[in-house]
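As a plain string of letters, each chain reads:
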Amino acid sequence: MQDASNEAPLTQEERERIRLKRLERLQASMNTQPPQQQEQQQQQKQQNPTRSPQSSSFSAVQSPVPRKAQQEAPSKPVTIQSMSPSPSAPSTPKQPSLTFEAWQNEALSRILQVSLNKNAAAPLLFLSSLAEELNNENEPLLISQASLDRVLVDRMSVDPNESSNTSILDRGQLRLTLFDYLLDCWRRLEMVKSQTSRVKTLPANVIEERVQSLNASKGLLVSYAGLVIQMPDMFPQIQNGASLGAQQLIDRLLADQDSANGVPTEFLKDLADRFKDDGLEAITQPLVAGLAARARTATILTDWRTPLRGLLTLIDVPTMAASIPQVATWNPANATARQLEIVSALGPFLKTSGFCADDPSVAELFGTGLKRNKSDASGAFASIRGAVRGLHTSLFQGVNGIVRSGADPREKMLAYFYSVLRKNERRAQMQVDRATVSGDGFIYNMTEILMRFCDPFMDNSHSKVDRISQTFFRGHSKIDISKVTRICAPKEVIDGYESGGALPGSTNFISEIFFLTLGFHHIGVSRMYVDYKRFMKDFYEMRDQYDRLKEQETAGQLSAENGLLIQRYEAQLDKMITFRLSLESQILDPTILGHSFQFYNLVMVWLLRLVDPAQAYPRSPLKLPLPVRPSDDFAILPEYIFEDIVEFFIFVLRHSPETVASSTLDELVTFSMVFLTTPGYIKNPHLKAKLVEILFFMTLPYRGQRNNDTLGIKLNTNAMALQCLIPAIMNFYVEVENTGRHSQFYDKFNIRYNISQILKFVWTNPIHRDMVKAESQKSESFVRFANLLMNDTTYLLDEGLSKLAEIHDIEVEMDDKAAWAAQTPQYRQEREGVLSTAQRQASSYIALGNETVNMLSYLTVEIKEPFLTAEIVDRLATMLDYNLVILVGEKMSNLKVKNPEEYRFQPRILLSDIINIYLHLDTPTFIAALARDDRSYSADIFDKASRILEGRNLKSPDEIAKLARLVHKIEDVRQREAKDEEELGEIPDEFLDPLLYTLMEDPVLLPTSNISIDRSTIKSHLLSDTTDPFNRMPLKISDVIDDVELRDKIRAWKASQRSKSTMAMEIDS
């Protein structure tokens, strides 16, 4: 721009051509003046009727042509009268010294840094062209609301890059980009408005008029600021390398909001209000995209806060927040699960991760080396957890701001969550290509956001549980469960339920958040818990292999090939330790676990309310038994809801019990009791087994417990546990014999081990002990329980002790160093593999066997009759005698192994428990059964056992004496029975039991095979197998028929044989 003396003014034709070009460019972006500005200008016209009719204000579309301002000789700078009252100002308002027009001119000149006075001094810029126009139009040379539009256009039309304008670059902020100039004008206007509002010496109507004028002016400033963001080339801009357009605002959003380089929230509010319903999305989209681009390159260890802070600054403006879900990249329909975290509007912010699987740089926090552990990484844990918690807080603040900005943004936010959930369904699968699904951090962050939305209805009293829909999945729900397994609904129920329409009120915001949180837990942390368990198994196996190789290295027996293998193992283990620590830093975060604990408490309460016929839980206690058939609303629920609950509590009780130590476990105990005791509600026995596993982990001690109290104390105090625990676990002990799974044979031992531990834990409680006695009165069910207990004891001890003998043999072989070294490498490797397998199996079998024997030991103190029934007692006696021979017989030395504690082998305790059972069941029936055991019983074995017990102080003298008396009674019975057998002589085949080949006492006829068998034999068989042993047809004990004819024949034969024997004896005598 040049002074008028240096450059001729534009001709009218040139001005008109420029005007039309400018209007054409403005037309597409701004069609009308802001309503507020129109209204304020109309008010000003009404308040100032004497003004020239030609001085009407221009809308953005009607803007005057751009002009080149002309610089005049400097004169005194224009100043604005102070708006602050002086200390001595009178309290009574007085008329202003300046007219409104004069005040407005001075105020706007100061704000815009321009003047229509050719004598204006720096920093004011003289707008010579506009001044000339106003003169020609006979308008006063005053800046007013009426001329403000023309003033702004004239000022912004100055080209700061023309060499002729270099002398005035210090005026009117010409060195700034237009957006920066307009923002500075806005700031100065806000300052003037604040000062004007605080003036006490002017009449209220004067102050109101001035404030209205400033508000109208502010609207025009914001309008042009929005336009130069969208179309930075609309006016000449200084070419100094500075960013233009949206990037200018992005840079300011990335800066500290309170600094000069930041952007005030109030300005953003004004900008959003101005362009609401008038293209605000066109401004928002590049801003969000620019911030997302910055976030895309950030990590949890770098500056992730800056772009997220910029986003939050936008979201702090509700109108701006409401516009974000309108941008084109909000929820790209064609994006894959993996792409969503890159290309969706919020994805780059949500993907910031503390998992090294997502961000390898996280591994740097945890160092290197095979000796690292959690205590070494405590500093890294605190650092990464603190950062992630801060991230979650900020992310929730942003998402919550969008949700609260209006109904439509809320629905779009929920739709985004549903979309992420739907596209990541495969994350719940056992095997999945990680490249096809979103990363752990992305899902983890979204889960925690949803959890925080749940906070208002996760209160301890669960007062809002009735607000959660029970029919959310009726009809076509927003979460597709058509391909998932249901809790217990048959196909026809599922089809009918899903074909029906959704019920009114079946969904609301609380319900949607609740079910989304369930879904994200399922594809997120629940899957991580399972993956962690699988990873730890692989980790321990590799570490064991590494340790064995290191032992060989120490012994000098390591081959060159295995030396290279050690190096590979060390490198792999180092990576696995880093991965483990990274994973544990996230999924074992006490804050996150505590949050999930609260949520799953709510889920359990909701499920219990769903099965409560009165629909009154938790306000009223749940009453058992429940109806035989559950409601369809419960039956059709995805099975994963139940599975995720039990997996979570197993995980937290196993790895972080201190996290829930201060929390109430009443809901968990009630939940477990209800579904363990109610048949038909949970069709998958595996899930019921998980409930038992939860109760087992509650009984274990944990680090940091107080007064030796475990979490299992609830089992001794909870009213429902006192009533239901014993029947539930004893019935389930029987039920798991047949689970329908291919691994049921081995599964049952683990489940029964857990049950044995629970039973041992509560046995000292008189109420529970009385419940066991009450169960023992149910003869049929308890006899089945006792039978399975014996079966398990027999199998486990036999397998466990035989594995110990196998270990003993291999250890003896390896101790002969010369002979072992002479063997081929292949042979040694094979034997080492056999040893490893035997060691693993021995540990498992012996641990389980110890518990079953111990259970028999303390149960027989109080309960005897079920163990003395005909179908049980002989097998029990045989089992005890056999294992007594193994422990103290001639081959006992075969059980001596190195480090027996590794296999939980405690022969003294095992021997003591077995002897206890003998002593507890010292009855004529049991003694007779022992006497009938011709395979294993031996008085010499009992004598040797007594010497060991006495020598090791395992039993008191009274107990030793009692055992001796028991053996004496057994010997007496054996002598009598030998005499009876001699009297009977050879038994006819038709009188022999077809399975045991013993003389039948109470023969019965099997209806389908038509074979006679002793009643005790078939009853014993049916305890383990519900089929006819001769044709495998289904059979119940109630189906058998008394074989009266055969029984009478046997009795008659026995009488005849005894009579013959008596006569023979008399003849001999």
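Residues numbered from 1 in each chain as written. Predicted model: local features only at pLDDT ≥ 70, side-chain atom pairs only at ≥ 80, totals over all residues. Heavy atoms only, no water.

A. Region of the structure containing the packing of helix 22 (residues 590–611) against helix 24 (residues 639–655). Viewed as axis vectors pointing N to C, helix 22 and helix 24 meet at an angle of 140 degrees, and their least axial separation amounts to 11 Å. For the element pair helix 22 / helix 24, the angle class is oblique. Considering the relative orientation of helix 22 and helix 24, their crossing is left-handed. Seen from helix 22, the contacting residues are L593, S596, F597, Y600, N601, V603, M604 and L607; seen from helix 24, they are I641, D644, I645, F648, F649, F651 and V652. Looking at the contact of helix 22 with helix 24, its residues break down into twelve nonpolar, two polar and one charged. (Axes fitted to C-alpha atoms, helices over the stretch in contact; angles between N-to-C directions. Helix = DSSP H or I, 4+ residues; strand = E, 2+ residues; numbered from the N terminus. Parallel < 35°, antiparallel > 145°, perpendicular 65-115°, else oblique. Left-handed = near helix turned anticlockwise from the far one by under 90°. Contact = heavy atoms within 4.5 Å. Nonpolar A, V, L, I, M, F, W, Y, C, P; charged D, E, K, R; others polar.)

B. Main features of the sheet that holds strand 4 (residues 1012–1014). If you trace the three strands from one edge of the open sheet to the other, you get 4-3-5, paired in antiparallel fashion. Each edge of the open sheet is held by one strand with a lone partner, namely strand 4 and strand 5 (1041–1042). Pairing analysis gives three bridges linking strand 3 (residues 1003–1005) to strand 4, with the strands arranged antiparallel. By the bridge assignment, V1004 is partnered in strand 4 with I1013. Relative to the sheet, helix 38 (residues 1015–1024) contacts strand 3, strand 4 and strand 5, its axis offset from that of strand 4 by approximately 85 degrees. (Pairing = 2+ DSSP bridges.)

C. Molecular detail of unusual backbone geometry. Following A122, the chain continues to P123 via a peptide bond in cis, the omega torsion being 15 degrees. Residue position: P123 is located in the loop between strand 1 (114–115) and strand 2 (125–126). Note the cis peptide between Y617 and P618, where omega equals 10 degrees. Relative to the helices and strands, P618 resides in the loop between helix 22 and helix 23 (632–635).

D. A look at the environment of K891. With respect to the helices, strands and loops of the structure, K891 is situated in the loop between helix 33 (870–888) and helix 34 (907–920). Through-space distance from the C-alpha of K891 to that of A805 is 9.2 Å; in sequence the pair is 86 residues apart.

E. Expanded view of helix 5 (residues 148–156). Among the nine residues in helix 5, nine count as buried, and that is most of the element. Within helix 5, the full set of buried residues consists of L148, D149, R150, V151, L152, V153, D154, R155 and M156. Those residues of helix 5 hidden inside the fold are in contact with helix 3 (100–112), strand 1, strand 2, helix 4 (128–136), helix 6 (178–198) and helix 7 (204–230). (Buried < 20%, exposed > 50% of the residue type's maximum accessible area, 1.4 Å probe, protein only.)

F. Region of interest: a nonpolar patch on the surface. Nonpolar side chains collect at one region of the surface, where L995, L996 and F1030 lie side by side and expose about 260 Å² of accessible area between them. Within the secondary structure, L995 is located in the loop between helix 37 (957–984) and strand 3. (Patch = residues over 30% accessible without salt bridge, like charges linked within 9 Å, V, L, I, M, F, W, Y side chains within 5 Å. Areas by Shrake-Rupley, 256 points an atom, 1.4 Å probe, with all protein chains shown as cover. Salt bridge = Lys/Arg side-chain N within 4 Å of Asp/Glu carboxyl O.)

G. Fine view of the packing of helix 22 against helix 25 (residues 666–677). Put simply, helix 22 and helix 25 touch, their axes get as near as 10 Å, and they point 40 degrees apart. In terms of axis orientation, helix 22 runs oblique to helix 25. Crossing handedness for the pair helix 22 and helix 25: left-handed. Contact residues: N601, M604, V605, L607, L608 and V611 in helix 22; E667, L668, T670, F671, V674 and F675 in helix 25. The residue makeup of the contact of helix 22 with helix 25, split by class, is nine nonpolar, two polar and one charged.

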